[in-house]
Number of protein chains: 2
Amino acid sequence: MSERALRVAVLGCGTVGTEVVRLLTEQAGDLTARTGARLEVVGIAVRDTTVPRADVVDTRLLTTDASGLVRDADLVIELMGGIEPARSLVLEAIEAGAGVVTANKALLAAHGPELYEAAEERGVDLYFEAAVAGAVPVVRGVRESFAGDHVRRVVGIVNGTTNFILDEMTSRGVGFGEALADAQALGYAEADPTADIDGHDAAAKIAILASLAFHTRVSIDDVPVEGIRYVTAADVEAATRGHHVIKLLAIAERRTTADGDGISVRVHPALLPLEHPLAAVHGAYNAVVVDTEAAGRLMFYGQGAGGAPTASAVLGDVVAAGRNRVSGGRGPAESRYAELPLLGGDEVTTQFQLRLEVADVPGVLAEIAGTFGEKGLSIMTVTQEQVHAADGAAVLVVVTHRASEAALAATADAVARIPSVKRVLAVTRVEDV
Amino acid sequence: MSERALRVAVLGCGTVGTEVVRLLTEQAGDLTARTGARLEVVGIAVRDTTVPRADVVDTRLLTTDASGLVRDADLVIELMGGIEPARSLVLEAIEAGAGVVTANKALLAAHGPELYEAAEERGVDLYFEAAVAGAVPVVRGVRESFAGDHVRRVVGIVNGTTNFILDEMTSRGVGFGEALADAQALGYAEADPTADIDGHDAAAKIAILASLAFHTRVSIDDVPVEGIRYVTAADVEAATRGHHVIKLLAIAERRTTADGDGISVRVHPALLPLEHPLAAVHGAYNAVVVDTEAAGRLMFYGQGAGGAPTASAVLGDVVAAGRNRVSGGRGPAESRYAELPLLGGDEVTTQFQLRLEVADVPGVLAEIAGTFGEKGLSIMTVTQEQVHAADGAAVLVVVTHRASEAALAATADAVARIPSVKRVLAVTRVEDV
């Protein structure tokens, strides 16, 4: 085994950073054997060196001079989060010829192409397994395992907070507010939960996965997002009655249109049948289903967050980047050769479920079906819910065939104006593939 | 993009070989972009060049001179199966400095260490994702993603044939013979199903995974195997009644003993609680659960066999080996630095479930419990099955705490000699972690 040492700079020393430093120290022997070189932490950049740190952190390594640290390292591990100064420091590290490992999804979702290109041009590695679904090795899967295949569709539960909340609502029958409060009390949701519950965190992750899966630049700004704030206990209850479950899905799929192939990337809550593999993903777990042409359907499942799981993913990347450093090789590069167009809302069709409170009188179903027909929206099934509705009212559940958002909106408007339709209770997307 | 071409030799042109050749041809543009060099098939070695081939196979490339082909290639894809001549040809390819991709689990499970060492010494790549669980990227996961972590346990359903058979027995209530005949009729089982149903195929795969996960040489000869031939419809029915399912599990786990850490590797049918993630793996699908110290529990799921899924895994490896060839780098090497001892039967403890047909008379339970106590085997639960047993008889289901095979065997013998115990109906291992 080589006596060579690689100089490792760690940027950021929060939960994940501390855990990474701990593993680098405690597993030094194993890491040397696996990398083919000793991994020597030469510095840990922090904002404030005087803050108390966990015992595993050698305070002599702390520095506020991140820029100086980066220019003198073989490998840079970026765990600061946020856009700046992370972006500038990663670019400096690349420019200085260091291999970079980052867990920063916000940075990649906003500035991925710039960073990928800089790394490609300079001939250095940029690894980021931990940026999507924590320890679940879906980035490596999409980036490397399916390199000889064509990805058709990526559908994931990639935000543990929202999955925990929806799972609480489903299993305990509580409303959104109570489930959110539980998630906060248990540390699954932050005091300001906006990025999670409004779907922005999931959007960043699916933008990264979509870029890899379809060899096309996708930024977080390209991803239409709808969060779970407006999912009600009644929606969840109705889903359960219909043998479905509501999940916040991050979806990237290749679609064939009249103008050729394009990709649709989006985040929204959707009804999943209970037999779907993602329906069984409970609590704060993450899972990603990938459908490919040759390999068929695959699923990756595991813990999507937390210091130790994220650190495990970071260290896997550090070993890979370190081995490349020793052998003189390169990890997989990004490729944007496909440059598929991103499809807008009207080019993307989805199935919808509408729950309608209607007067329980003869002829109402014919009237509703007529309106759907006029608007060109095709009905797949209509079911009357076996629930106690308001006096003289019934609840109809209409599931459509695939339709565009625009067609759906026009139809829902027209249906709402039918006198015997009292209320449109909910409109929810259905994903059954 | 480089104009460079890599000379690719394909050994074997059966189902997987044909599919690999098809993908290499049809996806040539994508593969060039992803590899950074054109992949040029320079020959396909077969036993008989006169056999009719699928249209995608250019018959001018066929040759019976595998050895000559191998010595003139940058990348060798070995898809012949079996030990010889595959072993000699892979060694020749390594010696000649070619990167090797193989799907040959039998070869790796029997001669892995020899091949890994040859590749390491010569400084070339040896990739084999397709050898375990087809397209499911568990080899890459264990070999690369967890390189900064410690694996505790790998438990997999890695044989689609036996999973299909057990799933049929569970869902349709049929016996083993009928389910096997169904599997053969549908092409999920071969005319001679021995390797699958007696667990040898699963043993080869878990030997490979155990070697990677624990950095220790594990050969198929180290793996105690029990197949599913003796699982009866009554066993499956009893499992269902107890909210369990019987699966053929391939297990590799690290255990701490009085003499230090060791690993246990084994294949046998076991009862799994319905909530276990592997309980939901149906049909011919494969799945592997990996428990690690830092990352926690992860699961990989997908199609474990078939021409297209296997070819997808092969191509993923070909792109990785090709990229290394272009950049001058090396893929992950095997490492056997841990050299953990393999634990034998008496050092490994498992939970057991015994189903006993007993006389329905007072005092029988006390007698049985006394016998377990004398033999030092600790009972966790006893349940009387709510089934119609023979006249004057009842069925007791005893689940033990963890015990060694030897302790179990001695206890089962003593219990069988109790006069009020009419028959030991079944003894099955229970895996509930």
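Computed from a predicted structure; not experimentally measured.

## Details of the packing of helix H4 (residues 86-95) of chain B against helix H5 (residues 105-122) of chain B
Pairs of packed helices are described in terms of their axes, by the angle between the two and the distance that separates them. Residue and element names in this part refer to chain B. Look at H4 against H5: their axes get within 10 Å of each other, and the N-to-C directions meet at 10°. Between H4 and H5, the crossing angle belongs to the class labelled roughly parallel. Of the residues in H5, those in contact with Ala86, Arg87, Val90, Leu91, Ile94 and Glu95 of H4 are Leu107, His111, Glu114, Leu115, Ala118, Ala119 and Arg122. Class assignment for the residues of the contact of H4 with H5 results in eight nonpolar, one polar and four charged.

## Overview of the side chain of Asp291(B)
Along the chain, Asp291(B) turns up in strand S10 (residues 285-292). A polar contact of 3.0 Å, which involves the side chain of Asp291(B), links it to the side chain of Arg297(B).

## Here's the deal with the UniProt feature "binding site: L-homoserine" (unreviewed entry) in chain A
Residues and elements named next belong to chain A. Cross-referencing UniProt, the feature "binding site: L-homoserine" (unreviewed entry) maps to Glu190 in the present numbering. Looking at the secondary structure, you find Glu190 in the loop between helix H8 (176-185) and helix H9 (194-197). Residue class for Glu190 comes out exposed when judged on its relative accessible area of 55%.

## Considering the UniProt feature "active site" (unreviewed entry) in chain A
All names here are of chain A. UniProt annotation of "active site" (unreviewed entry) refers to Lys205 when read in the numbering used here. As for its placement among the helices and strands, Lys205 is situated in helix H10 (residues 200-214). For Lys205, a relative accessible area of 7% translates into the label buried. Not counting residues within four places of it along the chain, the set of residues in contact with Lys205 comprises Lys105, Ala131, Val132, Ala133, Val158 and Asn159.

## Remarks on the environment of Gln184(A)
All names here are of chain A. With respect to the element layout, Gln184 can be found in helix H8. We classify Gln184 as partly exposed; its relative accessible area is 31%. Measuring from C-alpha to C-alpha, the distance between Gln184 and Gly345 comes to 34 Å, with 161 residues separating the pair along the chain.

## Here's the deal with the sheet that holds strand S3 (residues 62-63) of chain B
If you walk across this open sheet you meet the six strands as S3-S2-S1-S4-S5-S6 (chain B), and the pairing is parallel. This sheet does not close on itself; its edge strands, each paired only once, are S3 and strand S6 (126-127) of chain B.

## Section: the interface of chain B and chain A
Taken together, the 46 residues of chain B in the interface contact 46 residues of chain A. At the boundary of chain B with chain A, total buried surface from both sides reaches about 3,900 Å², with 51% on carbon and sulfur atoms. At the boundary of chain B and chain A, one finds two salt bridges. Arg140(B) is the partner of Glu144(A) in a salt bridge, and the nearest nitrogen-oxygen pair spans 3.5 Å. Every element with two or more residues in the side of chain B that touches chain A is listed here: helix H2 (28-35), helix H6 (138-145), strand S11 (296-303) and helix H12 (307-327) of chain B. The leading source of residues in the side of chain B that touches chain A is H12(B), at nine residues. Taken together, the residues of the side of chain B that touches chain A sort by class into 22 nonpolar, 15 polar and nine charged. Bridging between strand S11 (residues 296-303) of chain A and S11(B) involves three bridges; their strand directions are antiparallel. Counterpart to Met299(A) in the pairing with S11(B) is Tyr301(B).

## Concerning the sheet that holds strand S4 (residues 75-78) of chain A
Residues and elements named next belong to chain A. Strand order in the open sheet formed by six strands is S3-S2-S1-S4-S5-S6, with parallel pairing between adjacent strands. One side of each edge strand has no neighbouring strand; the edge strands of this open sheet are strand S3 (62-63) and strand S6 (126-127). Bridge analysis of strand S2 (residues 38-45) against S3 gives two bridges, and the strand direction is parallel. From the neighbouring strand, Ala45 faces S3, where its bridge partner is Thr63.

## Focus: the domain arrangement of chain A
Residues and elements named next belong to chain A. Split by domain assignment, chain A resolves into domain 1 (5-134 + 307-327), domain 2 (138-303) and domain 3 (348-430). Computed over C-alpha atoms, the centres of domain 2 and domain 3 are 26 Å apart. Facing twelve residues of domain 2, the contacting portion of domain 3 comprises twelve residues. When the two sides are added together, the surface that domain 2 and domain 3 hide from each other amounts to roughly 1,100 Å², 50% of it contributed by carbon and sulfur. Scanning the region where domain 2 abuts domain 3 turns up two salt bridges.

## A short note on the pattern of salt bridges
Summed over the entire model, instances satisfying the criterion amount to 67 salt bridges over all chains. Note that Arg172(A) and Glu168(A) form a salt bridge whose closest N and O atoms lie 2.5 Å from each other. With Arg172(A) and Glu168(A) both in helix H7 (residues 160-172) and four residues apart, this pair spans about one turn of that helix. Looking at Arg172(A), the relative accessible area reads 44%, which means it is partly exposed. Looking at Glu168(A), the relative accessible area reads 14%, which means it is buried. Ionic pairing is found between Glu385(B) and Arg241(B), a salt bridge with its closest N-O pair at 2.6 Å. Remark: Arg241(B) occurs in helix H11 (residues 233-241) and Glu385(B) occurs in the loop between strand S13 (379-384) and strand S14 (393-400); sequence separation between them is 144 residues. Residue Arg241(B) is classed as partly exposed on the basis of its relative accessible area of 33%. Residues joined in a network through salt bridges with shared partners are Glu129(A), Arg140(A), Glu144(A), Asp317(A), Arg140(B), Glu144(B) and Asp317(B).

Parameters and conventions
- Residues numbered from 1 in each chain as written.
- Chains lettered and ligands numbered in written order.
- Predicted model: local features only at pLDDT ≥ 70, side-chain atom pairs only at ≥ 80, totals over all residues.
- Heavy atoms only, no water.
- Axes fitted to C-alpha atoms, helices over the stretch in contact; angles between N-to-C directions.
- Helix = DSSP H or I, 4+ residues; strand = E, 2+ residues; numbered from the N terminus.
- Parallel < 35°, antiparallel > 145°, perpendicular 65-115°, else oblique.
- Contact = heavy atoms within 4.5 Å.
- Nonpolar A, V, L, I, M, F, W, Y, C, P; charged D, E, K, R; others polar.
- Polar contact = N/O pair within 3.5 Å; in protein donor to acceptor, adjacent residues only side chain to side chain.
- UniProt positions renumbered as here; feature names shortened; annotations may be inferred.
- Buried < 20%, exposed > 50% of the residue type's maximum accessible area, 1.4 Å probe, protein only.
- Pairing = 2+ DSSP bridges.
- Buried area = accessible area lost by both parts, 1.4 Å probe.
- Salt bridge = Lys/Arg side-chain N within 4 Å of Asp/Glu carboxyl O.
- Domains from an automatic or database assignment.

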